[in-house]
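Chains, contacts and geometry: an overview
Spelled out, the chains give:
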Amino acid sequence: MNYGLVLEGGAMRGIYTAGVLDVFMEHGIETNGVVGVSAGVLYGCSYVSKQIKRSIRYTYKYRSDKHFMGLYSLLHTGNIVGEDFCFHQIPETLDPFDNEAFKNSDIKFYATCTNVETGKAEYIHCTDLFTQIDYARASSSMPFVSKIVEIDGKKYLDGGVADSIPVQASKNLGYEKNIVVLTRPRDYCKPPTNPKPAKIVYKKYPEFCKAIENRHINYNNTLLELEKLEKNGEVFVIAPSVDLHIGRMEKKRDRILAMYRLGRKDALRSLQELTQFMKTE
């Protein structure tokens, strides 16, 4: 049986996922593959490299650095998340990412990116995060506050636009049973997005505009599909048991730690059921 791990994004809400994954590593919960989106990519890679608490450590330490994420970076670079600081300085020097462990891992890792020209999601198999770091950057490049990332002639932005919870993609990749980590409570329903700004900013990319306009429909339909898959024993979902109303750009250390600790708490509470889920063929 092949087990997949599907990680939703959500910017700073993703620190919840970091808490869940640290518990997984501490208790030997290992899947065959990971399909991440946005923050799910950024925190999921440390799960593959088996670096416990790395995600919360660097997030907590650099959350208030003007080069990390926020208005300063947006005004000076065109990206709300600092490209050089977050995707080079931190993983290469400040809090080194174990790329050798990542490359040697048996866990396959996929970064979900939205192709701006087609409006479709692409699931990029990453085998070397340092040479493929731009896919991680593209997956987490939020529309309107990030530049389009061009890789090998293709244009990408936030993977969550086309596929926020890529559980079907994980199934298509051969993972029959999946653990899905959400960053919003189970009763969340995504509201519609005003399509007008996208049609102005991305007028050259009508398919991308359609993806933004339909995002809430696809998201909410995926939540309904998750319920069916759960009942069939194909999916195990972990989601915030409490809505902490954390902001996407949250910088307050107490709120960040609370979200991380909630991820740990919910994961620990789910361990027995999860272990049984992974034993059932």
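Report on the accompanying structure. (Residues numbered from 1 in each chain as written. Predicted model: local features only at pLDDT ≥ 70, side-chain atom pairs only at ≥ 80, totals over all residues. Heavy atoms only, no water.)

1. Some details on the overall build of the protein chain
As a reminder, the rule being used: Helix and strand labels come from DSSP, where a helix needs a run of H or I of at least four residues and a strand needs a run of E of at least two; each type is numbered from the N terminus. Atoms counted for the radius of gyration: C-alpha only. Globule rule: 2.2 Å times residue count to the power 0.38. Buried, partly exposed and exposed residues are distinguished by accessible area as a fraction of the type maximum, computed with a 1.4 Å probe on protein chains only: under 20%, between the cut-offs, and over 50%, respectively. All accessible-area figures derive from a Shrake-Rupley calculation using a 1.4 Å probe, and residue coverage is judged against the displayed protein chains alone. Neither His nor the chain termini are counted; the positive set is Lys and Arg, and the negative set is Asp and Glu. Every charge is mapped onto a representative atom, which is NZ of Lys, CZ of Arg, CG of Asp or CD of Glu.
Across its full length, the protein chain holds eleven helices and eight strands. Relative to a compact globule of 281 residues, whose C-alpha radius of gyration would be 19 Å, the protein chain shows 17 Å and is just as compact. Counting only C-alpha atoms, the protein chain reaches 50 × 40 × 35 Å along its principal axes. Within the protein chain, buried positions represent 56% of all 281 residues. For the protein chain, the exposed area adds up to about 12800 Å²; of that, 50% sits on carbon and sulfur atoms. Each charge class in the protein chain was averaged separately, 38 positive and 34 negative side chains, and the resulting centres sit 6 Å apart.

2. Side note on the environment of Gly160
Selection criterion: We call two residues contacting when some pair of their heavy atoms lies within 4.5 Å.
By secondary structure assignment, the location of Gly160 is in the loop between strand S6 (154-158) and helix H8 (167-172). A relative accessible area of 3% means that Gly160 is categorised as buried. Sequence separation between Gly160 and Thr93 is 67 residues, and the spatial gap between their C-alpha atoms is 29 Å. Ignoring anything within four residues of it in the chain, the contact list for Gly160 reads Val37, Thr114 and Arg215.

3. Regarding the pattern of salt bridges
Where we set the bar: Take a side-chain nitrogen of Lys or Arg and a carboxyl oxygen of Asp or Glu: if they are within 4 Å of each other, that pair is a salt bridge.
For the coordinates displayed, the defined rule picks out 14 salt bridges. A salt bridge links Glu207 to Lys210; the shortest N-O distance between them is 3.4 Å. Placement of the pair is Glu207 and Lys210 together in helix H10 (residues 206-231), with a separation of three residues, close to one helical turn. Measuring nitrogen to oxygen at the nearest pair gives 2.8 Å for the salt bridge that ties Asp266 to Arg269. Here Asp266 pairs with Arg269, and both are found in helix H11 (residues 253-279), just three residues apart, close to one helical turn. What emerges from the salt-bridge pattern is a single network uniting Arg54, Arg57 and Asp95.

4. Side note on the packing of helix H1 (residues 15-26) against helix H2 (residues 39-48)
The criterion, for reference: Lines fitted to C-alpha atoms define the axes, with helix axes restricted to the stretch in contact, and inter-axis angles between N-to-C directions lie between 0 and 180 degrees. Each angle is binned into one of four classes, with values under 35 degrees roughly parallel, values over 145 roughly antiparallel, values of 65 to 115 roughly perpendicular, and all other values oblique. Amino acids are sorted into nonpolar (Ala, Val, Leu, Ile, Met, Phe, Trp, Tyr, Cys and Pro), charged (Asp, Glu, Lys and Arg) and polar (every other residue, Gly among them).
Contact pair H1 / H2: the axes reach a minimum separation of 9 Å and the direction vectors enclose 10°. Judged by the angle between their axes, H1 and H2 are roughly parallel. Where H1 abuts H2, its residues Ile15, Ala18, Leu21, Phe24 and Met25 lie against Tyr43, Gly44, Ser46 and Tyr47. Looking at the contact of H1 with H2, its residues break down into seven nonpolar, two polar and no charged.

5. With respect to the nonpolar core
Cut-off, in case you're wondering: What makes a nonpolar core is a set of buried Ala, Val, Leu, Ile, Met, Phe, Trp, Tyr and Cys residues whose side-chain atoms join them at distances within 4.5 Å.
In this structure, Leu5, Phe24, Tyr47, Phe68 and Phe109 are the most contacted members of the largest nonpolar core, which totals 64 residues. Counting residues per element, this core draws most heavily on H11, which supplies ten residues. When neighbours within four sequence positions are excluded, Phe68 is seen to be in contact with Met12, Tyr58, Tyr62, Arg63, Ile80, Val81, Gly82, Phe85, Cys86 and Ile90. Counting twelve residues, the second-largest nonpolar core is a separate cluster that includes Leu182, Leu229, Val235 and Ala239.

6. Structural notes on the environment of Val35
Position of Val35 among the secondary structure elements: in strand S2 (residues 33-37). Residue classification places Val35 among the buried residues on the basis of a relative accessible area of 0%. A C-alpha to C-alpha distance of 7.7 Å links Val35 and Tyr123, two positions 88 residues apart in sequence. Setting aside its immediate chain neighbours within four residues, Val35 contacts Leu5, Val6, Leu7, Tyr110, Thr112, Tyr123, Pro166, Ser170 and Leu173.

7. Topic: the packing of helix H3 (residues 54-62) against helix H5 (residues 83-94)
To keep it simple, the criterion reads: Helix crossings are classified by the rotation of the near helix relative to the far one: an anticlockwise turn of less than a right angle makes the crossing left-handed, while a clockwise turn makes it right-handed.
Closest axis-to-axis distance for the H3/H5 pair is 12 Å, and the angle between their directions is 115°. The hand of the H3/H5 crossing is right-handed. Contacts between H3 and H5 pair Arg54, Tyr58 and Tyr62 from the former with Phe85, Ile90, Pro91 and Leu94 from the latter. In terms of residue class, the contact of H3 with H5 is built from six nonpolar, no polar and one charged.

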